[in-house]
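Structure assessment
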Amino acid sequence: MSKGFWTLRYTLLNVTYFVAFCTIHALAAVFLLDKGFTNTEVGILLAIANILSAVAQPVVAGIIDKPGPLTNRRFILISVIVIAIGSLLLMVCSDKKALVFIIYVIIYMIQFTYQPVMTALCFEYQKAGCNIYYGLARGLGSASFAVTSAFVGGAVEKSGVGILLIVNVAAMLISAIIIFTFKMSNNNLSVKEYTDTEATDVSTESPDIHNNLFDFIRAYPSFSLFLLGTICFYFAHNMINDFMIQIIRSLGGGEKELGYSNFLQAILELPVMALIGFVLKKITSSKLLIMSGFAFFIKILILVFATNMGGMYLSQSFQLFAYAVFIPAAAYYVSNNISESDQVKGQAFVTSAITIGGVFSNLISGVILDNLGIKPMLITGTIIAAVGAIIVFVAFGKRKI
């Protein structure tokens, strides 16, 4: 089967995923505030959802890594169906705050849980000979997030937050159809379509499965330290994303500017992610991850001094070097430097680190925002992001996995 066809289908999976990611995650505060939640309650809800997904991600990955009926593809199919059902339930019980809390936690958690499985699915199929341009597909996923942000920002102002649920259900139904038909033939051969200049074939050196967390840390010490740094600068990243509407309002904007901001940062991800395979031939994935860490720090530092929406847009433009570099570079690092028996866990631990950063951000940011305001919240995020960037620099300076 042609490379273009596999890439097209995997791209559609990413597109539908990030359309829903926009409605569920990026606009969570908009939806929940409309339903009567306070900033602190929003933070608590998102923290619970993130904690559950941080626990679920490595557990699910450990099951998938073992031979058995649960595969990457099947787990994704189950996830999108559950999210669609949950979104439909929110449509009919949106006036019951307790029920909204429970359902939103579940769909938020499940969507984060299957994100690393999406990445693992790509590399699983790549290694079986189904040639997929991961960077291009992932970049177009970000572009779909950008387009969705631009659309729903104004739509929410005109029609209310119910439009978010309608878009989400449609995206999940399309995703279910695509993943149901996403099957490879038995004659696929192993093909390697990219080269990371630091790649090592760990699978022949470390054939054991490291399902125990401490065994995994011992097997991959630098990668594990990198995960700690990731928690820190994703604390700042999630702070901006989860409370962006409040930041924008403090700068004189509203829901429409929220859509523009999300569109800007997401559309900038496309060229970087699309070209990441070529970049990795010149720059190692570990160096790219160091660069992205410092970009996360600069992104939030700009907001500390911002006085209008120009500062917000400047900050969002650093997505080009932060998130846009981090996501594909981390995926390729795991694919090339972690044993095949630990592949799904490696991808899951990256997402878990991102999620844990979100947990601490949710628990702390909402409280600071309610009691001290925007500036103290952003200063806290800036300090933690700086610590994370330094940790990642130290981690990959060791030249060990």
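What you see is a predicted model; the values in this text were computed from it and never measured.

So, how was this worked out
- Residues numbered from 1 in each chain as written.
- Predicted model: local features only at pLDDT ≥ 70, side-chain atom pairs only at ≥ 80, totals over all residues.
- Heavy atoms only, no water.
- Axes fitted to C-alpha atoms, helices over the stretch in contact; angles between N-to-C directions.
- Helix = DSSP H or I, 4+ residues; strand = E, 2+ residues; numbered from the N terminus.
- Left-handed = near helix turned anticlockwise from the far one by under 90°.
- Contact = heavy atoms within 4.5 Å.
- Salt bridge = Lys/Arg side-chain N within 4 Å of Asp/Glu carboxyl O.
- Phe/Tyr/Trp six-rings, centres within 6.5 Å; stacked < 30°, edge-to-face > 60°.
- Lys NZ or Arg CZ within 6 Å of the ring centre and 35° of its normal.
- pLDDT = per-residue confidence, 0-100.
- Expected span 1.5 Å × (residues − 1).
- Buried < 20%, exposed > 50% of the residue type's maximum accessible area, 1.4 Å probe, protein only.

**Some points on the packing of helix α6 (residues 115-127) against helix α18 (residues 343-371)**
Interaxial distance between α6 and α18 falls to 8 Å at its minimum, and their mutual angle equals 145 degrees. The hand of the α6/α18 crossing is right-handed. Side by side, α6 and α18 meet where Gln115, Pro116, Thr119, Ala120, Phe123 and Lys127 of the first sit next to Gln343, Val344, Gln347, Ala348 and Thr351 of the second.

**Quick word on the pattern of salt bridges**
Between side chains of opposite charge, pairing is possible as soon as their charged atoms come close. This model, assessed by the stated rule, comprises 2 salt bridges. Between aspartate 34 and lysine 35 there is a salt bridge; the shortest N-O distance is 4.0 Å.

**Quick word on the packing of aromatic side chains**
Inspection of every chain in the model, using the stated rule, returns 31 aromatic pairs. For the ring pair phenylalanine 123 and tyrosine 134, a centre distance of 5.4 Å and an interplane angle of 35 degrees mean the geometry is tilted. Here tyrosine 134 lies in helix α7 (residues 134-159) and phenylalanine 123 lies in helix α6, a separation of 11 residues in the sequence. Here a set of aromatic residues connected by ring pairs shows up, and it is made of Phe216, Tyr220, Phe223, Phe226, Phe233, Tyr234, Phe296, Phe326, Tyr333, Phe349 and Phe396. Above the face of the phenylalanine 180 ring, lysine 183 is positioned so that its terminal group lies 5.3 Å from the ring centre.

**Here we look at the confidence of the model for the protein**
Across the protein, pLDDT averages 84, with 91% of residues at or above 70. Mean pLDDT across the secondary structure elements of the protein bottoms out at helix α9 (residues 213-219), with 78, and peaks at helix α19 (residues 374-395), with 94. Of the regions scoring below 50 in pLDDT, residues 189-195 engages in 23 contacts with residues more than four places distant in sequence or in other chains.

**Examining α19**
Helix length check: α19 (22 residues) gives 32 Å between terminal C-alpha atoms against 32 Å at 1.5 Å per residue, within 8%. Taken together, the buried positions of α19 are occupied by Ile374, Met377, Leu378, Gly381, Thr382, Ala385, Gly388, Ala389, Ile391, Val392 and Ala395.

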